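Listed here are the chains, written in short residue letters.
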Amino acid sequence: MTNKLPIVAIVGRANVGKSSLFNAILRRREAIVAKEAGTTRDNVTALTSYNRQSFWIVDTAGIKDPEDEFEASIQSQIKQASDSADVIAVVIEADVPINDEDRRVATMALKSLKPVVLVVNKMDKTKGRFEYDYTRLGITDIIPTSVTQNQGIQDLLRQVTKKMSKVPIKPQPAKLKIALLGRPNVGKSSLFNNLLQKQQALVASRAGTTRDVNRGIVRYKNQDIELMDTAGIRRPGRIEKGIEQFSILRTLTAIEEADICLVLIDASEPDVALDQKIAGMVKEAGRGLVLVVSKWDSLAEDEDELNSLLKQLGTNYDFVYWAPLVVTSAITGQNVSKIYELAQNINQERSQKIPTPRLNNWLGHVVRAHPPAGLKNRNPKLNYMVQETDNSIPAFKIFGSQTSYIHWSYRRYLERKLREEFGYFGNPIQLWFIEKHQAHKNGERPVATTEGADS
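Residues numbered from 1 in each chain as written. Predicted model: local features only at pLDDT ≥ 70, side-chain atom pairs only at ≥ 80, totals over all residues. Heavy atoms only, no water.

A. Spatial organisation of the packing of helix α5 (residues 188-196) against helix α9 (residues 336-350). Taken N-terminus to C-terminus, the directions of α5 and α9 make an angle of 80°; their axes are 9 Å apart at the nearest point. The angle between the axes of α5 and α9 places the two elements in the roughly perpendicular class. In contact with Leu191, Asn194, Leu195 and Leu196 of α5, α9 contributes Val336, Ile339 and Tyr340. (Axes fitted to C-alpha atoms, helices over the stretch in contact; angles between N-to-C directions. Helix = DSSP H or I, 4+ residues; strand = E, 2+ residues; numbered from the N terminus. Parallel < 35°, antiparallel > 145°, perpendicular 65-115°, else oblique. Contact = heavy atoms within 4.5 Å.)

Printed below as a string of structure tokens:
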């Protein structure tokens, strides 16, 4: 008896409303919905529940005859989703006669020998009446729906959950979430598939293949890790309206959701300002960061060339000097497994809490060794510090006087010394400088005896 959650796959030809139905079931906007046929190209998955039954729901691309290798890859993914599913929901349009593509979808679903329901969508266009003999598709359970009118969704959920094995809702263990970020066509989907050890995201030479945030879960050293493959971020002037803008919003959401972000850099284009901007977005969001140099196999495997590249990247990414850098090849698998090890180490470093007495001993030592310089007879003094224990980001408050005159270079000095002593490898650190008299004025305790203690 397995404890895995059931999977419901939504299949159908292009533009029958699968993504709209997917979003209606989730009661949120997860898959991209547009009038353009073929918008969904990756299998998009999400966890949901109905009537105390948890299950995964998968939105697939539209089924059609594969015209080229790219389309064949899409169709292969749909078959994989159906093979993995416990229940298959075949979606057709109420106002369109049954066609060969609908028959092909229904046949594929029935051949899987899995429970199948037929969803007749867009019933609002037929005023709630069945206009065709849908029983000809061979599917017994037929559910009329109208996503725009929010009709039939509850009936569909009741029917689907009746057909799946009952799995009680259990608290989901905390997962380490890793987002793959970068410009289009830098190898995110190839790395995603390599990390998952299966073909889940589409991999193609054309830019902009991934539009949705594609997810997969693996287990590594007794920990569940969720991978999120995002759409590529283009320069602002090259962002297309509509679908691509939705993709960027999902990428930003993925950064917020992630614990660790992998920023991919094309080895053949190491000096791109947008890559640095993306790394800066991760830093600003306070997420763990790994710089991943992809497509190293596309260059000559020359040690001098590698050293030159690493030196250049060290200069370009000096503002995130604390982020580890990994050279990978999704084709050969070079250093791919190392990414999991790095991510777990970064996450462990991120969660450490330092006792306040130890912090203040350290602060006194580094300030005596190198006092902060002042400006116009304004000499900053740093008295004590505490760690923000309720902040998921490593953050510290440093109390003193004339703190507004502290130069940025001294802030960096403190950060470097803090890292030398306490680590926080792969994580940004926030330092807040607070005037003692301002803390009194705002009712804050100037001396914290419990903040920053082990918890």
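After that view of the structure, there is still more to cover.
B. Seen up close, the pattern of salt bridges. This model, assessed by the stated rule, comprises 18 salt bridges. Salt-bridge contacts for arginine 13 lead to aspartate 102; the nearest nitrogen and oxygen are separated by 2.8 Å. Highlighted residues: arginine 13 in the loop between β1 (7-12) and α1 (18-26) and aspartate 102 in helix α3 (residues 100-111), separated in sequence by 89 residues. Classification of arginine 13 as buried rests on a relative accessible area of 6%. Between glutamate 269 and arginine 183 there is a salt bridge whose closest N-O contact spans 3.4 Å. Note that glutamate 269 is positioned in the loop between β10 (260-266) and α7 (273-285) and arginine 183 in the loop between β7 (176-181) and α5, a separation of 86 residues in sequence. (Salt bridge = Lys/Arg side-chain N within 4 Å of Asp/Glu carboxyl O. Buried < 20%, exposed > 50% of the residue type's maximum accessible area, 1.4 Å probe, protein only.)

C. Main features of the side chain of glutamate 93. With respect to the element layout, glutamate 93 can be found in strand β4 (residues 87-93). What makes glutamate 93 buried here is its relative accessible area of 9%. Polar contacts involving the side chain of glutamate 93 include one to the side chain of lysine 122, which spans 2.7 Å. With near-sequence residues (within four places) excluded, glutamate 93 lies in contact with Arg13, Asn15, Val16, Asn121 and Lys122. (Polar contact = N/O pair within 3.5 Å; in protein donor to acceptor, adjacent residues only side chain to side chain.)

D. Structural detail: the sheet that holds β10. In spatial order, the strands read β8-β9-β7-β10-β11-β12; together these six strands make up an open sheet with mixed pairing. Both outer strands of the open sheet, β8 (214-220) and β12 (325-327), are each paired with one neighbouring strand and no more. With direction set aside, neighbouring strand axes in the sheet form an average angle of 25°. Bridge count for β7 against strand β9 (residues 223-229) is five bridges, and the pairing is parallel. Paired with leucine 180 across the two strands is aspartate 229, which belongs to β9. Sitting on the sheet, α7 touches β7, β10 and β11 (288-294), and the angle it makes with β10 is about 175°. Across the sheet, α9 lies against β7, β8, β9, β10, β11 and β12, angled at about 160° from β11, the strand it touches most. (Pairing = 2+ DSSP bridges.)

E. Fine view of the packing of aromatic side chains. Counted under the stated rule, the structure contains eight aromatic pairs. For the ring pair tyrosine 132 and tyrosine 134, a centre distance of 6.4 Å and an interplane angle of 75° mean the geometry is edge-to-face. An aromatic cluster of three or more residues is present, and its members are Phe130, Tyr132 and Tyr134. Over the aromatic face of tyrosine 321 sits the side chain of arginine 416, whose NZ or CZ is 4.1 Å from the ring centroid. (Phe/Tyr/Trp six-rings, centres within 6.5 Å; stacked < 30°, edge-to-face > 60°. Lys NZ or Arg CZ within 6 Å of the ring centre and 35° of its normal.)

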